[in-house]
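Observations on the model geometry
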Amino acid sequence: MAHRWTNTLTHADVTPRAAFLNRRQVMAGLAGVGLAGMAQGAAAQETLEPNTWEEITSYNNFYEFGTGKDDPAKYAGALTTEPWSVKIDGLVDNPGDYDFKDIMSEMTVEERIYRFRCVEAWSMVIPWNGFELADLLNMAGVQEGAKFVAFETALIPDEMPGVRYPILEWPYREGLRLDEAMHPLTIMATGIYDRPIPNQNGAPLRLVVPWKYGFKSIKSIVRITVTDVEPPTSWNMSNPREYGFYSNVNPNVNHPRWSQASEREIGGGLFAKRIPTLMFNGYEKEVAGLYEGMDLSQYY
Ligand SMILES: Nc1nc2c(c(=O)[nH]1)N[C@H]1C(S)=C(S)[C@@H](COP(=O)(O)O)O[C@H]1N2
Ligand SMILES: [Mo]
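Residues numbered from 1 in each chain as written. Chains lettered and ligands numbered in written order. Predicted model: local features only at pLDDT ≥ 70, side-chain atom pairs only at ≥ 80, totals over all residues. Heavy atoms only, no water.

Under an unreviewed UniProt entry, the protein chain has the name Protein-methionine-sulfoxide reductase catalytic subunit MsrP and belongs to Ruegeria denitrificans. UniProt's Subunit (unreviewed entry) comment on the protein chain is quoted here verbatim: "Heterodimer of a catalytic subunit (MsrP) and a heme-binding subunit (MsrQ)." In the Sequence similarities (unreviewed entry) part of its UniProt record, the protein chain is described as follows: "Belongs to the MsrP family." (UniProt positions renumbered as here; feature names shortened; annotations may be inferred.)

Rendered as structure tokens:
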């Protein structure tokens, strides 16, 4: 039975287009609501040129559709994203199957643009539309004793040619510590460039955690579980030495098989330059406090 909210927004709450565009220019490059005033945001705005729609939607990792960078663009179109529901369960006051449309009617997505750097072996800047994961978790009502949040991607073998291969244990799984999940930079993305998020990027909703490596950003989410134990994650299960639970961007902690001190910018063509990897992907000021006192080479 789908859990339903009353939509408290009226037409007057919708931001007029002109104000919205103006606000976009004013808004800090690294985030939307709540973070616009940050000094680092102003600096980031100048340097954070978003990649093109073409770049963002044609070079993807979504192994359920194959391991080639162009497989998601080729095959993810077959994924049925409507209707879509997200099960929220575990240590919450209001567990249930939440219809994606109901979630969207409750969130003020159109007001928010998060222009985040996303890195792994390559880097892009993507102008996401979405809302803070905290808003969704607060709606579900996180209970006392909760410590982690687990996520699962849809597993639809008929529509996902890649899941025939046991490259990862399906469904794709990810997890965050509760304080990471509640941080305002942790978003649920539902759009790119003011358009619905394309299937290859994780329609209809995917996680974005800009200070962590790209693989933490789980796509096409169907389940969110609030729990008191650290949840298993797909990449950690497949190779625990190479992929830890935290996976924070950190130039000082190398992947066992390659240096993570620099990354290649997508969009630079043949001569794509390598740029130095920044601690926490440039969001150190905002998130370093989450890890105070932790040895990040042990908790990688
Ligand atoms: N379900 C699912 N989510 C996933 C992946 C995947 O294979 N399956 N790949 C991850 C990896 S390795 C990366 S780098 C990012 C890529 O996101 P993008 O294609 O939007 O750039 O998605 C992450 N989310
Ligand atoms: Mo990745």
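Scanning the protein chain for helices and strands turns up nine helices and 13 strands. Counting all 300 residues of the protein chain, 52% fall into the buried class. Relative to all contacts within the protein chain whose residues are 6 or more apart in sequence, the contacts with residues 24 or more apart total 70%. Carbon and sulfur atoms make up 53% of the accessible area of the protein chain, which amounts to about 13800 Å² in all. (Helix = DSSP H or I, 4+ residues; strand = E, 2+ residues; numbered from the N terminus. Buried < 20%, exposed > 50% of the residue type's maximum accessible area, 1.4 Å probe, protein only. Contact = heavy atoms within 4.5 Å. Areas by Shrake-Rupley, 256 points an atom, 1.4 Å probe, with all protein chains shown as cover.)

The next point concerns the packing of aromatic side chains. The tally for this structure, following the rule as stated, stands at 13 aromatic pairs. Each ring, one from phenylalanine 148 and one from phenylalanine 245, has its centre 5.7 Å from the other, and the planes form 80 degrees; the classification is edge-to-face. One end of the pair, phenylalanine 148, is in strand β6 (residues 148-153); the other, phenylalanine 245, is in the loop between α8 (234-238) and β12 (262-265), with 97 residues separating them in the sequence. Phenylalanine 245 gets classed as buried once you look at its relative accessible area, which sits at 7%. Ring centres of tryptophan 235 and tyrosine 243 lie 5.0 Å apart, and the angle between their planes is 55 degrees; on these two criteria the pair is classed as tilted. The same class applies to tryptophan 235 as to tyrosine 243, namely buried. Pairwise contacts between aromatic rings join Phe148, Phe245, Tyr246, Phe280, Tyr291 and Tyr299 into one cluster. For the cation-ring pair, arginine 195 lies above tryptophan 53, with the distance from its terminal atom to the ring centre recorded as 3.9 Å. (Phe/Tyr/Trp six-rings, centres within 6.5 Å; stacked < 30°, edge-to-face > 60°. Lys NZ or Arg CZ within 6 Å of the ring centre and 35° of its normal.)

Counting buried residues in strand β11 (residues 221-227) gives five out of seven residues, a clear majority hidden from the surface. In the sheet, strand β2 (residues 85-90) pairs with β11 via four bridges, with the strands oriented parallel. Bridge pairing in β11 places glycine 90 opposite valine 226. Both β6 and β11 contribute to a ladder of six bridges, which runs antiparallel. (Pairing = 2+ DSSP bridges.)

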